[in-house]
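Descriptive structure summary
The lines below spell out each chain.
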Amino acid sequence: QVLTNCVVDYDVSRFTTFDTEFVFLNLRANSVSQTTNIRILDEDSQEYVEVDVDLNDIECIIPNTEKIIDVNDEVQIEMRYPTYKDLISVDQDIMGTLTKCIDKVYISGGDVLDIKDFTDQEVDEFVNSIPSDAFNKMQEFFNGMPAVTLDVDYKVGKKKKTKTLRGIADFFS
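Here's what I pulled together on the structure shown here.

On to the packing of aromatic side chains, then. Inspection of the entire model under this criterion finds 4 aromatic pairs. Between phenylalanine 18 and tyrosine 81, the aromatic rings sit 5.2 Å apart at their centres with planes inclined by 80°, giving edge-to-face as the arrangement. Note that phenylalanine 18 is positioned in helix H2 (residues 17-31) and tyrosine 81 in the loop between strand S5 (75-79) and helix H3 (84-90), a separation of 63 residues in sequence. Note on phenylalanine 18: relative accessible area 3%, which makes it buried.

The next subject is the sheet that holds strand S9 (residues 159-166). What the 3 strands build is an open sheet, ordered S3-S8-S9; its pairing is antiparallel. Two strands in the sheet have a free side with no partner beyond their single neighbour: strand S3 (59-60) and S9. Inspection of the sheet shows S3 paired to strand S8 (residues 148-156) by 2 bridges, in the antiparallel sense. Note on S8: the bridge partner recorded for glutamate 59 is threonine 149. The sheet contacts of H2 involve S3 and S8, and relative to S8 the element is tilted by about 60°.

To continue, consider the nonpolar core. Among the nonpolar cores identified, the biggest contains 21 residues, and Ile77, Met79, Ile102, Ile130, Met138 and Phe142 are the most heavily contacted of them. Listing elements by their share of this core, those giving two or more residues are S5, strand S6 (102-107), helix H5 (120-128) and helix H6 (132-143). Per-element accounting of this core gives the leading share, 5 residues, to H6. When residues no more than four places from it in sequence are discounted, the contact partners of methionine 79 are Lys67, Ile69, Leu98, Cys101, Ile102, Met138, Phe141 and Phe142. With 17 residues, the next largest nonpolar core counts Ile58, Val152, Ile168 and Phe171 among its residues.

With that settled, consider the pattern of salt bridges. All told, the structure shown has 5 salt bridges when counted by the stated rule. In this structure, aspartate 114 engages lysine 104 in a salt bridge whose closest nitrogen and oxygen atoms are separated by 3.9 Å. With aspartate 114 in strand S7 (residues 111-114) and lysine 104 in strand S6, this pair connects stretches of sequence that are 10 residues apart. Members of the salt-bridge network, linked through shared partners, are Asp42, Asp44 and Lys161.

A grouping of Asp57, Glu59, Asp151 and Asp153 is seen on the molecular surface, where their side chains present a negatively charged patch. Using a relative accessible area of 58% as the deciding quantity, one classes aspartate 153 as exposed.

Now for the sheet that holds strand S4 (residues 68-70). Across the sheet, 4 strands lie side by side as S4-S5-S6-S7; this open sheet has antiparallel pairing. Of all the strands in the sheet, just S4 and S7 have a single pairing partner and so form its edges. Recorded for the sheet is a direction-independent mean angle of 25° between the axes of neighbouring strands. In the sheet, S5 pairs with S6 via 5 bridges, with the strands oriented antiparallel. Note that in S6 the partner of glutamine 76 across the bridge is tyrosine 106.

Thresholds, definitions, all that
- Residues numbered from 1 in each chain as written.
- Predicted model: local features only at pLDDT ≥ 70, side-chain atom pairs only at ≥ 80, totals over all residues.
- Heavy atoms only, no water.
- Phe/Tyr/Trp six-rings, centres within 6.5 Å; stacked < 30°, edge-to-face > 60°.
- Helix = DSSP H or I, 4+ residues; strand = E, 2+ residues; numbered from the N terminus.
- Buried < 20%, exposed > 50% of the residue type's maximum accessible area, 1.4 Å probe, protein only.
- Pairing = 2+ DSSP bridges.
- Contact = heavy atoms within 4.5 Å.
- Axes fitted to C-alpha atoms, helices over the stretch in contact; angles between N-to-C directions.
- Core = buried A, V, L, I, M, F, W, Y, C linked by side-chain atoms within 4.5 Å.
- Salt bridge = Lys/Arg side-chain N within 4 Å of Asp/Glu carboxyl O.
- Patch = residues over 30% accessible without salt bridge, like charges linked within 9 Å, V, L, I, M, F, W, Y side chains within 5 Å.
- Areas by Shrake-Rupley, 256 points an atom, 1.4 Å probe, with all protein chains shown as cover.
- Lys, Arg positive; Asp, Glu negative; His and termini not counted.
- Charge placed at Lys NZ, Arg CZ, Asp CG, Glu CD.

Put into structure tokens, the structure is as follows:
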């Protein structure tokens, strides 16, 4: 709701998850403070360390990830990144998320099918027919999904360390 109220002339339900996180953190930086104090758990010592973070330093690097996945010699699928609306509608179901994020199906011979033109049952049957190697590539697409990130330097005792914050939850811990 915050984004809907603050973003003009754009349907925020179309934001990807990382777009939403980036815009939300920038809104927070501009409306409350550009710095926030967070607690980082040091993996080695199991101690929490407090660190001030400048939210204006946050990046969202979008890797050059292959969105077109070969299903077989005749079929390819085009993936898209999930929106928050997608994630809410599938209630953290990985298979549901993968299914929601198939955008187009390319058939040899030049046919391009928009997945929205098919019933849920037809899409489920198609997804269930995808071979495991193509399914693994779909999962790799999500594993490489962009996220808001920031490398934060901190000290434990006299030792300097760096931790990469990734995803909005890390910025509010």
